[in-house]
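# Summary of structural features
Here is how the chains run, residue by residue.
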Amino acid sequence: MLLHISSFQLDIDSQRASPWHQLVPQTRVLCALLFVFATALTPNGHWWTWTIYAIGLAIGIRLSRSTLSVLLKRVAIESTFLGVVLLGTLFRQGGTVLWQWGSLQITTLGLMILGSVAFKALLCLLMLNLLVLTTPVPALLNALIVLKVPPLLVAILASMYRYIAVLIEEFQKMRQAATARNLMRYSRWQRLIMGNMIGSLFIRTYERGDRIHQAMLSRGYTGLPPAVTFSKVRQPDIKVLTLTVIWLLLGQIIYL
Amino acid sequence: MHHNPISITQLSHSYPDGTEALRQINLSIRATERVALVGANGSGKSTLLLHLNGILLPQTGEVVIGELSVAAANLVAVRNFVGLVFQNPDDQIFMPTVWEDISFGPMNQGLSQEAVLHRVHHAMLAVGLDYETYAARIASNLSGGEKKRVAIAGVLAMQPQVLALDEPSAQLDPRSRRQLIQLLHQLPLTQVIATHDLDLALELCSRTIVLSHGQIVFDGSTEVVMNDRAFLEKHALEMPLSYARPYCELQHQCELQHQAVQNRIAGQYYR
């Protein structure tokens, strides 16, 4: 899982040259957000809409020249978390009953909703992972500020990104220390030790947060992150945004 | 540059659990002086440094930085005057990229885009980091020595008059430590260096302040105190390696006597 990743880099495809990479980060974020919203707000059962979106997304992924294996691996890991949530929709009442066991029953409506939500989730995850894979995280954060996300929220996201590697490293050191004293040999012990480690990691994080805040104060921090200036939107950005909107509307028109 | 950037009178500080971290500290540091702050763990070094920057406010006594007393109303000016470099660079480098982190201080000062760029360039040059190579690097992927440089550059970019460093050579390999010493040697700033690295203190600082249980027990020439084995051991310290070897001691006997005479003339004191 995440705790076993030794080096942690989100944006492995950010330095490639492709039409997608030529767009300024705020355009990429905007395209992704439009895509996610359009996909998520489409009523259940509109399969053709999502098929059109999927074709658009496939073209986007092809154009961005991102590493397909990494993209799929990430989506697969994230899907397992989603799967747990989605399972509940399968046993929904309504429609024709296809299978029944006690109070549990699978109906046509349940299957349709599960299929729709799973399709939507898959498309959204692919889009967002493509964005994160191809855009440097600092640029992504700046793009959020341009798009008027509250700066404090972006500052919190920036700290999370900055410190996740530090936390992973700290956890691994603790685990090594435990292994070095043969404390990880028995699985019952292991669970207990892991629990303690996570507890002490929490306390350390809290203390570190305090020290980081001191370091911020000592460099004149007054409660709001300083304002930055950004790259301007150019001609290709507007073209791609327009194309995205047209494509998204096209998907919706089919069912009108 | 202010001629007497730091002056502390009767400063005491207790932590909420009742620990008395500082007791009756009196201290004055002149411009461009390089002062080592040494003492055992828990002797109050870091607490004293945090007072210089107004992270901790004086409970009793007064800390005057330049012309300003350290109080809530003067904090912005005080923090622009004193740059504090923390012990662990991971605590200090909190922005994702090197550029963003170094520009954090100048941006908080409300400088224009060009001025910030100029400051960042200058600070990176001062610590020996190539702008093109490092500006866009992700902070968590740097080595320990590089992180230390970025941390110092982040403070230098604010153009402070006093640089306060907490354990600057901790966790550095010998080459990074040597580069750090050279860097600090070149910087024409008043420097207060809290350290356990007595060789570094000996090399960089002509003046040393020894803290023990929150009190100043020595304030004077570094050479003199580093030669006093009994005194150092009494306060949980030991002679620098460069002095601790017998042949070095022989070599320094003459210097010690010479210093003792000078010491008496200069009116420096043991308490």
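Just so you know, these numbers come straight off a predicted model, no measurement behind them.

How each quantity is defined
Residues numbered from 1 in each chain as written. Chains lettered and ligands numbered in written order. Predicted model: local features only at pLDDT ≥ 70, side-chain atom pairs only at ≥ 80, totals over all residues. Axes fitted to C-alpha atoms, helices over the stretch in contact; angles between N-to-C directions. Helix = DSSP H or I, 4+ residues; strand = E, 2+ residues; numbered from the N terminus. Parallel < 35°, antiparallel > 145°, perpendicular 65-115°, else oblique. Left-handed = near helix turned anticlockwise from the far one by under 90°. Contact = placed C-beta atoms within 7 Å. Nonpolar A, V, L, I, M, F, W, Y, C, P; charged D, E, K, R; others polar. Buried ≥ 20, exposed ≤ 12 C-beta atoms within 10 Å, placed from the backbone. pLDDT = per-residue confidence, 0-100. Core = buried A, V, L, I, M, F, W, Y, C linked by C-beta atoms within 7 Å.

Moving on, we come to the packing of helix H3 (residues 47-64) of chain A against helix H5 (residues 108-134) of chain A. All names here are of chain A. The N-to-C vectors of H3 and H5 enclose an angle of 20°; their axes lie 11 Å apart at closest approach. The angle between H3 and H5 falls in the class roughly parallel. Crossing hand, H3 versus H5: left-handed. Between H3 and H5, the contacting residues are Trp50, Tyr53, Ala54, Leu57, Gly60, Ile61 and Ser64 on the first element and Phe119, Lys120, Leu123, Leu126, Met127, Leu130 and Thr134 on the second. Of the residues contributing to the contact of H3 with H5, the split by class is 10 nonpolar, three polar and one charged.

So, about helix H4 (residues 98-108) of chain B. When you tally the buried positions in H4 of chain B, you get 11 out of 11 residues, the bulk of the element. Of the residues making up H4 of chain B, those classed as buried are Val98, Trp99, Glu100, Asp101, Ile102, Ser103, Phe104, Gly105, Pro106, Met107 and Asn108 of chain B. Residues of H4 of chain B that are buried make contact with helix H6 (137-146) of chain A together with helix H5 (113-126), helix H6 (131-134) and helix H7 (144-156) of chain B. With its phi angle positive at about 80°, Gly110 of chain B sits one or two positions after the end of H4 of chain B.

Glancing now at the confidence of the model for chain B. Residue and element names in this part refer to chain B. Averaged over all residues, the pLDDT of chain B equals 87, while 93% of them reach at least 70. Within chain B, strand E11 (residues 269-270) has the poorest average pLDDT of any element, 55, and strand E8 (residues 190-194) the best, 95. In the predicted complex, the global pTM is 0.73; the interface-specific ipTM is 0.70.

Our next topic: the interface of chain B and chain A. Facing the 25 residues of chain B at the interface are 22 residues of chain A. Residue assignment for the side of chain B that touches chain A shows that the elements contributing at least two residues are helix H2 (75-81), helix H3 (89-92) and H4 of chain B. Among the residues forming the side of chain B that touches chain A, the class breakdown is 11 nonpolar, 10 polar and four charged.

With respect to the helices and strands, Asp90 of chain B occurs in helix H3. When the 24 C-beta atoms within 10 Å are taken as the criterion, Asp90 of chain B is described as buried. When the C-alpha positions of Asp90 of chain B and Ala139 of chain B are compared, they lie 8.7 Å apart, and in sequence the two are 49 residues distant. Once residues lying within four places of it in the same chain are set aside, the contact partners of Asp90 of chain B are Val166 of chain A together with Lys147 of chain B.

This part is about unusual backbone geometry. A positive phi angle, near 65°, is found at Lys148 of chain A, a position not held by glycine. Checked against the element boundaries, Lys148 of chain A lands in the loop between H6 and helix H7 (151-180). The class for Lys148 of chain A is exposed, based on 7 C-beta atoms found within 10 Å. Phi at Gln24 of chain B takes a positive value of approximately 50°, unusual for a residue other than glycine. Within the secondary structure layout, Gln24 of chain B lies in strand E2 (residues 20-29).

Residues and elements named next belong to chain A. Direction vectors running N to C along H6 and H7 enclose 170°, while the axes themselves pass 9 Å from each other. In this view, H6 runs roughly antiparallel relative to H7, as classed from their interaxial angle. Taking contact as the criterion, the partners of Val137, Leu141, Leu144 and Ile145 in H6 are, on H7, Pro151, Val154, Leu157, Ala158 and Tyr161. In the contact of H6 with H7, the residues fall into nine nonpolar, no polar and no charged.

Next up on the list: the nonpolar core. Leu37, Ala153 and Ala164 of chain B are the most contacted members of the largest nonpolar core, which totals 104 residues. Excluding residues within four positions of it along the chain, Ala164 of chain B makes contact with Leu49, Leu52, Asn53, Val82, Gly83, Leu84, Val85 and Val192 of chain B.

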